[in-house]
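A structural walkthrough
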Amino acid sequence: MDDGDVAVVAHGHLARVLTVRWLGLDASASRLLGHPHPGTLSFLATEERQPVISAWNVP
């Protein structure tokens, strides 16, 4: 399987759970993130091979 970029369109709750799992946290940690507004963008990435949130809730 090749590595590459992925785009996901998701409801806010799913986006938060996906994000915390990306960071290696338990799904219950999703309550720590602000609920994304409709039509905003969030970006998950890696820096020095560590998962990070590079942008959250950007209009």
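None of the values given here were measured: they were computed from a predicted structure.

Rules of the game
- Residues numbered from 1 in each chain as written.
- Predicted model: local features only at pLDDT ≥ 70, side-chain atom pairs only at ≥ 80, totals over all residues.
- Heavy atoms only, no water.
- Pairing = 2+ DSSP bridges.
- Helix = DSSP H or I, 4+ residues; strand = E, 2+ residues; numbered from the N terminus.
- Patch = residues over 30% accessible without salt bridge, like charges linked within 9 Å, V, L, I, M, F, W, Y side chains within 5 Å.
- Areas by Shrake-Rupley, 256 points an atom, 1.4 Å probe, with all protein chains shown as cover.
- Salt bridge = Lys/Arg side-chain N within 4 Å of Asp/Glu carboxyl O.
- Buried < 20%, exposed > 50% of the residue type's maximum accessible area, 1.4 Å probe, protein only.
- Contact = heavy atoms within 4.5 Å.
- Arc of directions from axis to C-beta.

Take the pairing of strand β1 (residues 41-47) next. Relative to strand β2 (residues 50-58), β1 is paired through six bridges, and the arrangement is antiparallel. Within β2, the position partnered with E47 by the bridge is Q50. What sits between the antiparallel neighbours β1 and β2 is a turn of two residues, in which E48 has the positive phi angle 50°.

As a further point, take a nonpolar patch on the surface. The grouping of V6, V8, L18, W22, L44 and I53 at the surface amounts to a nonpolar patch, some 530 Å² of accessible area in total. Here I53 is to be found in strand β2.

Looking now at the side chain of S30. With respect to the element layout, S30 can be found in the loop between α1 (12-22) and β1. On the basis of relative accessible area, S30 is assigned to the buried category, the value being 11%. Excluding residues that lie within four positions of it along the chain, S30 makes contacts with R16, V17 and V20.

Before going further, it helps to examine α1. Within α1 the residues assigned to the buried category are G12, A15, R16, T19 and V20. Across the axial projection of α1, the buried residues extend over an arc of 125°, all falling on one side. Among the residues trailing α1, G24 stands out with phi positive, at a value near 85°.

Our focus in this paragraph is unusual backbone geometry. At E48, a residue that is not glycine, the phi angle is positive and equals roughly 50°. Positive phi outside glycine occurs at R49, with the angle close to 65°. As for its position among the elements, R49 is in the loop between β1 and β2. We classify R49 as exposed; its relative accessible area is 79%.

On to the environment of R16, then. As for its placement among the helices and strands, R16 is situated in helix α1. Sequence separation between R16 and H35 is 19 residues, and the spatial gap between their C-alpha atoms is 7.4 Å. Sequence-distant contacts of R16, that is, excluding residues within four places in its chain, are made with S30, R31, L33, G34, H35, P36 and W56.

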